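Geometric and topological summary
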Amino acid sequence: MNSEYPPLTKVPHHVAIIMDGNGRWAAARGLPRLAGHKSGTENLRRIIRASVEFGVKVLTIYAFSTENWGRPEDEVKGLMRILEDVIDSELDELHREGVRILHIGQLEAMSPRLRQKVQQAIEITRENQRLILCVAWNYGGRDEIVCAIRKMIEDGVRPEMVSDQLVSSYLFTAGIPDPDLIIRTSGEMRISNFLIWQSAYSEWYVTRTLWPDFGREEYYQALVDYSHRDRRFGRLSECQGES
Ligand code: IPE
Ligand code: IPE
Ligand code: MG
């Protein structure tokens, strides 16, 4: 960690971000929505670096939801192109920096070329250990649960075998710990179908800042805020429990 920031007393292992507000960022500048998405992508690079610097181990980013298919065709196509461009331009550097790329969501709906690029990125970076970057693309929490139920039925899972742990192991996020902190930019107070099972006890940080403007400084502030949270998980806080 850079000396410009005091060390954090408690760092979330897993941070998940709903990167929202690209469209409003562009509109405020009289630019097309895709310019906002490009700017959002540039910001992502900063936040990935800062995650490594601050000691976060897993960063999940909500980049395209199952509902985002309902946007105008031009925007959907533009977003697909941006993902492709980002893989082409950033993969080598992310790999060098020790970032392991994972994907959650359904790859099937993507073009074969994009699917192949995503699979390649996952394959090339699979041994990396510095930061897991989990990209939620064509991801929806309900879709994830529907897929899990289908797979359980296909596998002949019997009712008495179903437990919290078993359900978790059938989700796209199998093997990844639940997010400790979820950040949502642009001020909306909703979950928008993101990690609906996994967020049962996540802490939230919502800011009005639009995603392209959410820089390293505010990210650090979100982590400071988290470090002061008392996570009780339905029990009493540690000091109360001792009395
Ligand atoms: C988030 O920004 C990025 C995606 C959903 C792909 P938006 O595009 O939702 O931006 P706003 O909410 O319209 O400002
Ligand atoms: C959530 O943002 C999805 C992503 C950030 C990818 P949206 O802009 O799609 O969510 P709503 O429509 O405001 O709920
Ligand atoms: Mg939005």
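The structure presented is a predicted model; accordingly, all values stated were derived computationally and were not measured. (Residues numbered from 1 in each chain as written. Chains lettered and ligands numbered in written order. Predicted model: local features only at pLDDT ≥ 70, side-chain atom pairs only at ≥ 80, totals over all residues. Heavy atoms only, no water.)

Counting its regular elements, the protein contains eight helices and six strands. Seen in sequence order, the protein has helices and strands lined up from the N terminus as β-α-α-β-α-β-α-β-α-α-β-β-α-α. In terms of overall size, the protein behaves like a compact globule, its C-alpha atoms giving a radius of gyration of 19 Å where 243 residues would be expected to give roughly 18 Å. Based on the C-alpha atoms only, the size of the protein along its principal axes is roughly 60 × 55 × 35 Å. Counting over 243 residues, the protein shows a buried share of 48%. (Helix = DSSP H or I, 4+ residues; strand = E, 2+ residues; numbered from the N terminus. Rg over C-alpha atoms; globule rule 2.2 N^0.38 Å. Buried < 20%, exposed > 50% of the residue type's maximum accessible area, 1.4 Å probe, protein only.)

In the vicinity of ligand 2, the contacting residues are Ile18, Met19, Asp20, Tyr62, Ala63, Phe64, Asn68, Arg71, Arg184, Arg190 and Ser192. In this structure, an oxygen atom belonging to ligand 2 sits 3.2 Å away from a side-chain N or O atom of Asp20. A distance of 2.9 Å separates an oxygen atom of ligand 2 from a polar side-chain atom of Asn68. Top element by residues in the shell around ligand 2 is strand β2 (residues 58-65). It accounts for three residues. For the shell around ligand 2, the class distribution of residues is five nonpolar, two polar and four charged. (Near = heavy atom within 4 Å. Polar contact = N/O pair within 3.5 Å; in protein donor to acceptor, adjacent residues only side chain to side chain. Nonpolar A, V, L, I, M, F, W, Y, C, P; charged D, E, K, R; others polar.)

Between helix α2 (residues 33-54) and helix α3 (residues 73-96), whose axes approach to 10 Å, the crossing angle comes to 30°. The angle between α2 and α3 places the two elements in the roughly parallel class. As α2 runs across α3, the sense of the crossing is right-handed. Mapping the contact onto sequence places Arg33, Leu34, His37, Lys38, Thr41, Arg45, Ile48 and Arg49 in α2 and Asp74, Glu75, Gly78, Leu79, Ile82, Val86, Glu90, Glu93 and Leu94 in α3. Its residues assigned to classes, the contact of α2 with α3 shows six nonpolar, three polar and eight charged. (Axes fitted to C-alpha atoms, helices over the stretch in contact; angles between N-to-C directions. Parallel < 35°, antiparallel > 145°, perpendicular 65-115°, else oblique. Left-handed = near helix turned anticlockwise from the far one by under 90°. Contact = heavy atoms within 4.5 Å.)

This part covers the environment of Ile18. On the secondary structure map, Ile18 appears in strand β1 (residues 14-18). In sequence terms Ile18 and Thr185 are 167 residues apart; their C-alpha atoms lie 6.6 Å from each other. Beyond its immediate chain neighbours, meaning those up to four positions away, Ile18 contacts Tyr62, Ile182, Ile183, Arg184, Thr185, Arg190, Ile191, Phe194 and Trp204.

Another point: the packing of aromatic side chains. All told, the structure shown has 13 aromatic pairs when counted by the stated rule. Here Tyr62 and Phe194 contribute two aromatic rings whose centre-to-centre distance is 4.4 Å and whose plane-to-plane angle is 15°, an arrangement assigned as stacked. Taken as a pair, Tyr62 in strand β2 and Phe194 in the loop between β5 (181-184) and β6 (203-206) lie far apart in primary sequence, 132 residues in all. The buried category is assigned to Tyr62, whose relative accessible area is 7%. Site record: aromatic cluster; members linked through ring pairs are Tyr5, Phe54, Trp211, Phe214, Tyr219 and Tyr220. Positioned above the aromatic ring of Tyr226, the side-chain terminus of Lys10 is 5.3 Å from the ring centre. (Phe/Tyr/Trp six-rings, centres within 6.5 Å; stacked < 30°, edge-to-face > 60°. Lys NZ or Arg CZ within 6 Å of the ring centre and 35° of its normal.)

So, on to the site of ligand 1. Within the structure, ligand 1 sits among 13 residues, and Asp20, Gly23, Arg24, Arg33 and Arg71 are positioned closest to it. In this structure, an oxygen atom belonging to ligand 1 sits 2.8 Å away from a side-chain N or O atom of Arg33. One nitrogen or oxygen atom from the side chain of Arg71 is found 2.7 Å from an oxygen atom belonging to ligand 1. In the complex, the protein chains occlude 87% of the 380 Å² of accessible area that ligand 1 would expose alone. Listing elements by their share of the shell around ligand 1, those giving two or more residues are α1 (22-27), α2 and α3. Considering every element that reaches the shell around ligand 1, the biggest residue donor is α1, with three residues. Tallied by class, the residues present in the shell around ligand 1 amount to three nonpolar, five polar and five charged. (Areas by Shrake-Rupley, 256 points an atom, 1.4 Å probe, with all protein chains shown as cover.)

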